[in-house]
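Take a look at the letters that make up each chain.
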Amino acid sequence: YIKKLFAYAGGLSTAKALAGLVISVEQLTAENVKLLQWIRKELGLKQSEFQMLDRKSAFYYFALRQPESLWLHDVALYDYRGDTLACLCLKRHMNTKPQLVTIEEQLVKLDNSRKDESFCQILQSHMKGHTVSCAYLVGNAFDGGWMKQSLTFLCRGRRAFMGKNLYAKGACYAAVMNGEGLTWPFVYLGVNELKVNVGLKVKDLDKEVFFTLLQAGKSIYETEGRCEVILDESKEIAIWLKPLDSRESKVEKIILKDLPERENKTTRLQISAKPISDMEIQIQIK
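A brief structural summary. (Residues numbered from 1 in each chain as written. Predicted model: local features only at pLDDT ≥ 70, side-chain atom pairs only at ≥ 80, totals over all residues. Heavy atoms only, no water.)

Some remarks on the environment of Asp 111
Short version of the rule: A run of DSSP states H or I qualifies as a helix once it reaches four residues; a run of E qualifies as a strand once it reaches two. Both are numbered from the N-terminal end.
For Asp 111, the location among the structural elements is in the loop between strand E5 (99-108) and helix H4 (115-127). Once the C-alpha coordinates of Asp 111 and Asp 83 are considered, the two residues, 28 residues apart in sequence, prove to be 9.8 Å apart.

Considerations on the sheet that holds strand E15 (residues 281-285)
The test is simple: Two strands qualify as a pair provided that DSSP identifies no fewer than 2 bridges between them. Each axis is a line fitted through C-alpha atoms, and for a helix only the stretch in contact is used; angles between axes span 0 to 180 degrees, taken between their N-to-C directions.
Taken together, the three strands give an open sheet; going across it, the order is E11-E14-E15, and neighbouring strands pair in antiparallel fashion. Of all strands in the sheet, those bounded by a partner on one side alone are strand E11 (225-230) and E15. This sheet shows a mean twist of 20° between the axes of neighbouring strands, independent of strand direction. In the sheet, strand E14 (residues 268-275) pairs with E15 via five bridges, with the strands oriented antiparallel. Across the sheet, residue Pro 275 finds its bridge partner in E15, namely Ile 281.

What about the pattern of salt bridges?
How we decide: Think of a salt bridge as a Lys or Arg side-chain nitrogen and an Asp or Glu carboxyl oxygen that are within 4 Å of each other. Categorising residues by exposure relies on relative accessible area from a 1.4 Å probe, with only protein chains included: less than 20% of the type maximum marks a residue as buried, more than 50% marks it as exposed, and the intermediate range marks it as partly exposed.
Applying the stated criterion across every chain yields a total of 13 salt bridges. Across the salt bridge formed by Arg 55 and Glu 26, the nearest N and O atoms sit 3.8 Å from each other. Residue Arg 55 is located in helix H3 (residues 55-63), and its partner Glu 26 is located in the loop between strand E1 (21-25) and helix H2 (30-43); the two are separated by 29 residues in the primary sequence. Close ionic contact of Arg 81 with Asp 79 constitutes a salt bridge, the shortest N to O distance being 2.7 Å. Since its relative accessible area comes to 37%, Arg 81 is described here as partly exposed. Because the salt bridges share partners, they merge into one network encompassing Asp 111, Arg 114 and Glu 117.

Quick look at the environment of Tyr 221
With respect to the helices, strands and loops of the structure, Tyr 221 is situated in the loop between strand E10 (207-214) and E11. Remark: the alpha-carbon pair of Tyr 221 and Val 33, spanning 188 residues in sequence, is separated by 7.4 Å.

With respect to helix H6 (residues 166-179)
Because each turn of an α-helix spans 3.6 residues, side chains separated by three or four positions in sequence point in the same direction. Note the following rule: To estimate the expected span of a helix, count its residues, drop one, and scale the result by 1.5 Å. Directions pointing from the helix axis toward each C-beta atom define the arc. Any two residues whose heavy atoms approach within 4.5 Å are treated as being in contact.
If you check H6, its first and last C-alpha atoms are 20 Å apart, about what 14 residues at 1.5 Å a residue would give, namely 20 Å. Within H6 the residues assigned to the buried category are Leu 166, Tyr 167, Gly 170, Ala 171, Ala 174 and Met 177. Taken end-on, H6 shows its buried residues confined to a sector of 135°, consistent with a single buried face. The exposed residues of H6 that point more than 90 degrees off its buried face are Cys 172 and Gly 179. Buried positions along H6 lie against E1, strand E2 (50-54), H3, strand E3 (74-81) and strand E6 (132-138).

Concerning the sheet that holds strand E7 (residues 159-163)
Across the sheet, which stays open at both edges, the six strands sit in the order E7-E6-E3-E4-E5-E8 with mixed pairing between neighbours. In the strand order of this sheet, the two ends are held by E7 and strand E8 (186-188), each with one partner. Between one strand axis and the next, the sheet turns by 20° as a mean value, whatever way the strands run.

A few points about the nonpolar core
Note that soluble globular proteins tend to have their nonpolar side chains buried in a common cluster. Heads up, the condition is: Residues enter a nonpolar core if they are buried and are Ala, Val, Leu, Ile, Met, Phe, Trp, Tyr or Cys, with the set joined through side-chain atoms within 4.5 Å.
Phe 59, Tyr 60, Leu 64, Leu 77, Leu 90, Tyr 136 and Leu 166 are the most contacted members of the largest nonpolar core, which has 29 residues in total. Secondary-structure elements contributing two or more residues to this core are H3, E3, strand E4 (84-93), E5, E6, H6 and E8. Looking at this core element by element, the count peaks at six residues for H3. The contact partners of Tyr 136, leaving out residues within four places of it in the chain, are Phe 59, Phe 62, Gln 66, Leu 70, Val 75, Ala 76, Leu 77, Tyr 78, Phe 161 and Leu 166.

Digging into the layout of surface pockets
Heads up, the rule is: Definitions used for this entry: grid spacing 1 Å over protein atoms alone; cavity, a set of points where a 1.4 Å probe fits but cannot get out; pocket, an open set with protein on both sides within 12 Å along at least 5 of 7 lines; lining residue, one with an atom within 4 Å of a point. Grid points are joined across faces, edges and corners, and a volume is the space filled by probe spheres set on the points. For this classification, Asp, Glu, Lys and Arg are treated as charged, while Ala, Val, Leu, Ile, Met, Phe, Trp, Tyr, Cys and Pro are nonpolar and the rest, including Gly, are polar.
The calculated volume of the largest pocket comes to roughly 950 Å³. As for the largest pocket, its lining consists of 38 residues, and the residues nearest its centre are Gln 51, Tyr 61, Asn 178, Gly 217 and Lys 218. Among the secondary structure elements, those contributing two or more residues to the lining of the largest pocket are E1, E2, H3, H6 and E8. At five residues, the largest contribution of residues to the lining of the largest pocket is made by E2. Approximately 700 Å³ is the volume found for the second largest pocket. Forming the walls of the second largest pocket are 22 residues, and the residues nearest its centre are Lys 201, Val 202, Lys 203, Ile 230 and Asp 232. For the lining of the second largest pocket, the secondary structure elements donating two or more residues are strand E9 (196-204), E10, E11 and strand E12 (236-243). Looking at which element gives the most residues to the lining of the second largest pocket, the answer is E9, with five residues. Class assignment for the residues of the lining of the second largest pocket results in eleven nonpolar, one polar and ten charged.

Below, the structure is given as structure tokens:
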């Protein structure tokens, strides 16, 4: 099925012609991540050529790739499919560097007997107490031309857009940002993103440096860190953990037992780090 979709992307006949593939799903779970990784392998793509996003992450990439005037303040997204309306608000925390981006979500139901008035009341409640620069409306349930009062409120002092391909475009922006190694002053912290930087302090040509094993903001399903070190008069490894919302680091020391007796600087270790949740790390030392 996915190979057939490539034909719509300019007549590409094989996955090898792709610079990268990004798949956006409603939410990432261990089950669908396993399926998507199987698809990646079947297509012959490297991990660096493949990315998985949930819809919030796609919204993040889409919203912050627009002109700055559209995200100068908070950005709202209203996703209306079926009977449920998802109200999302993207916020930038400007006292951090890079700026932390969070997305708050509320699920509500409209009163179908007075849908326009009900939606207008939801908008007023959702935007109360903060400034929204722009709002996006996605989903088939917005069709039918029933919005009158609600659109009048929505377009008062802010920009508003309606469409059905926001998540797909967000996936494309993610492919460009990650495929070309571009940097921008934001990091998104969702449920699938690592909340802590993980690293080691090592000596490189007699100079002490910090080596990052895992970077906060990366997907817990796709990131993994690895390095090799040579022990220098020590039988312990200090792992430095720095949460993004804190200026202080925590140090966890791992005592290396049953090491073979060797001369100093002749024992090489391979250290691997992999997230098992957004705040938990599995460390393996060989």
